[in-house]
Each structure stands twice: as structure tokens, then as C-alpha cells.
Amino acid sequence: MTLQQEIVGNAMQMAVVNLRPGQTVYCEAGKFLFKTVNVTMETRLSGPSNGSGQQQSGSGGGMGGLLRQAMGTAMQVGQRMLAGESLAFQYFTAQSGEGTVGFAGVLPGEMRALELDGTRAWFAEKDAFVAAESTVDFGIAFAGGRTGMSGGEGFVLEKFTGHGTVIIAGAGNFIDLNPADFGGRIEVDTGCVVAFEEGIQYGVQRVGGLNRQGIMNAVFGGEGLSLATLEGNGRVILQSLTIESLANALRKAQGGDKQGPTGGLFSTHAG
């Protein structure tokens, strides 16, 4: 059964989740907004898989089971630390009847509820995850050293598997595309990718060659040296606002714009 939720708002959306008695939803630390008093809140370092294991550890495995559980939690925390993600999750469970919990992202923009049926995983850009029911597993996927080093944002991905609802958020407005509708391949700004289904091939390519036009694209086009490529047949979600463009607009408004006419390649960050 999917999570009963409603996404409300416009410029800064939020997700209002209605929990059945005993149902649990978890979120990344910092995404919680409000809850009813009959919903308990617990903060853990472990993801939902290990969270279930914690409740069962006393019934089997002994010291070896506890050690394996501790090592599994340490590996999860280490992965999230390397990825720059929050180290902890917050779990919310309805007690004594139905309960309500509210969540939101951290940027002005849209939210989307994705339904997992166990056949396909979903991948999302770093910080897209907001909340999911406890039957959805959260993990970290690495796109590969060569791809990541070329494209920056493409190196670390969030991965969602299992059954149930996962809620993600992004900046600006969303558009849903399928590369198969555009000849099987699309090229986008690396900061525009929010999420995509398993089966889509995600890579990063250089913008043009090392010739005059390639250098003009990189220096004055504002895209830097790379574009993300998405190939295959499946759902892709893009966002209209990138974090870099939002940061540049805020610096400019504060009189601290150091980007100048050369675009993304030679931009410097105020600090």
C-alpha cells in the first residue's frame, strides 16, 4: 500500500503525510516541518533496513549479530559522510490512531512522490531526498570516478529501492522527459538533473572539442566544460533552477558577483 500523502503549495512546496496506525515514515534530518502529538519521532544513524534489524537484534545473532549490525550502520554513515549527506535519519510512527507529518525540501521549488514497485530503482541527485515510508531503502550510488570527476555533480547519487513511496524535492519547476522520445539521448546542464529511473544511462561529456568554438562554449556559455547525458527508455525528472544559478543570483543581488562575463568556467565563489 502506498503512502497517503498530499503535496501542497506553489513556490515552496511541502508534503503532508497521513500515517495509518503503526505506519512509519522516515526523512533526512532537517526536512521535518510538523507532526501531530500522537506521532513519535526517533533519530537514528541507521537506514530503514538496519532500523528494522535493531528491533530484532535481541531475538537472534547474539554478539555476532550486534557486531554485524554496528558494522553495517558504520558503513552507511561512512557512505553518507563521503557523499556530503546528513548523517542521521528521523523516523515518525503513528501511535493510537492515524497521525499526520509534514516535510519540505530546502530550496524554493517542486516536490514529487515516486512509487516503487520493486522492479526498478530510482536514482536522484544529492540532497533530493525528503522522506519515504520504511519499506523503501535509501542508499548511495557512485557513478564512477571518470564520470564524476568530469561532471562534478554526477559523482554521487542517491538510490532508492524496495516497495512504497519516496518523496523528492528540487529547485524551480519540474519537467518529466523520456530520452526515448528524443532519439534515445538528451544532453542537459549537470545541475538540472533531479532523478531518473533505473535503466537510464547517466554520463558526463565535454562541451565541444578543444577548438575555438568549444572554448567559446565553455568560457562564455555558462555551462563550464561538461554536460550530463541521459540515454535509454525511462522517466527522467529535470529542474528549471540550478543551485549554482541561484547562488550566483544571490551573490549578484548582494553586490558580491565575481562571475563576470566568462560564465561558469572562471567563476569564483565569494567567501
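Here, every reference points to the structure presented above.
Bear in mind the structure is a predicted one, so any value in this text is a computation, not a measurement. Each chain has its residues counted from 1, running along the sequence as written. Selection of residues for local features in this predicted model requires a pLDDT of at least 70, selection of side-chain atom pairs for listing and counting requires 80 or more, and totals for whole chains, interfaces and linings are taken over all residues. As a rule here, side-chain values cover all heavy atoms of the structure and leave hydrogens and water aside.

Engineer: For this particular structure, what's the right way to read the pattern of salt bridges?
Structural biologist: A pair can form between side chains of opposite charge whenever their charged atoms are brought close. A pairing counts as a salt bridge when a side-chain nitrogen of Lys or Arg comes within 4 Å of a carboxyl oxygen of Asp or Glu. Summed over the entire model, instances satisfying the criterion amount to 9 salt bridges. Among the salt bridges present, the one from D176 reaches R112, with a minimum N-O distance of 2.7 Å. Taken together, the positions of D176 in strand β13 (residues 174–177) and R112 in strand β8 (residues 111–117) put the pair 64 residues apart, joining distant regions of the chain. Only protein chains enter the area calculation, which uses a 1.4 Å probe; residues under 20% of their type maximum are buried, those over 50% are exposed, and those in between are partly exposed. By relative accessible area, D176 is classed as partly exposed at 35%. R112 sits in the buried class, given a relative accessible area of 17%. In this structure, the salt-bridge partner of D176 is R235, at a minimum N-O distance of 2.9 Å. Of this pair, D176 sits in strand β13 while R235 sits in the loop between β17 (226–231) and β18 (236–239); the two residues are 59 residues apart in sequence, bridging distant segments of the chain. Overlapping salt bridges, with partners in common, bring together E110, R112, D176 and R235 in one network. Put simply, DSSP marks the helices as runs of H or I at least four residues long and the strands as runs of E at least two long, and each gets a number from the N terminus on.

Engineer: Help me understand the packing of aromatic side chains, please; the structure alone is not making it clear to me.
Structural biologist: The way to describe two aromatic rings as a pair is by their centre distance and the angle between their planes. Classification of ring pairs uses Phe, Tyr and Trp, with its six-membered ring standing for Trp, and accepts pairs whose centres are within 6.5 Å; under 30 degrees between planes counts as stacked, over 60 as edge-to-face, and the remaining range as tilted. For the structure on display, the rule yields 12 aromatic pairs. Centre to centre, the rings of F129 and F138 are 5.0 Å apart; their planes meet at 50°, and the pair counts as tilted. Considered together, F129 and F138 belong to a single accessibility category, that of buried residues. Here F196 and Y202 contribute two aromatic rings whose centre-to-centre distance is 5.3 Å and whose plane-to-plane angle is 45°, an arrangement assigned as tilted. The exposure class of F196 is buried, given its relative accessible area of 3%. For Y202, a relative accessible area of 13% puts it in the buried group. Aromatic rings pair up to connect Y26, F89, Y91, F129, F138 and F160 into one cluster. Note that R44 overlies the ring of Y91, its terminal NZ or CZ placed 3.9 Å from the centroid. A ring is considered to have a charge above it if a Lys NZ or an Arg CZ atom is located within 6 Å of its centre and within 35 degrees of its normal.

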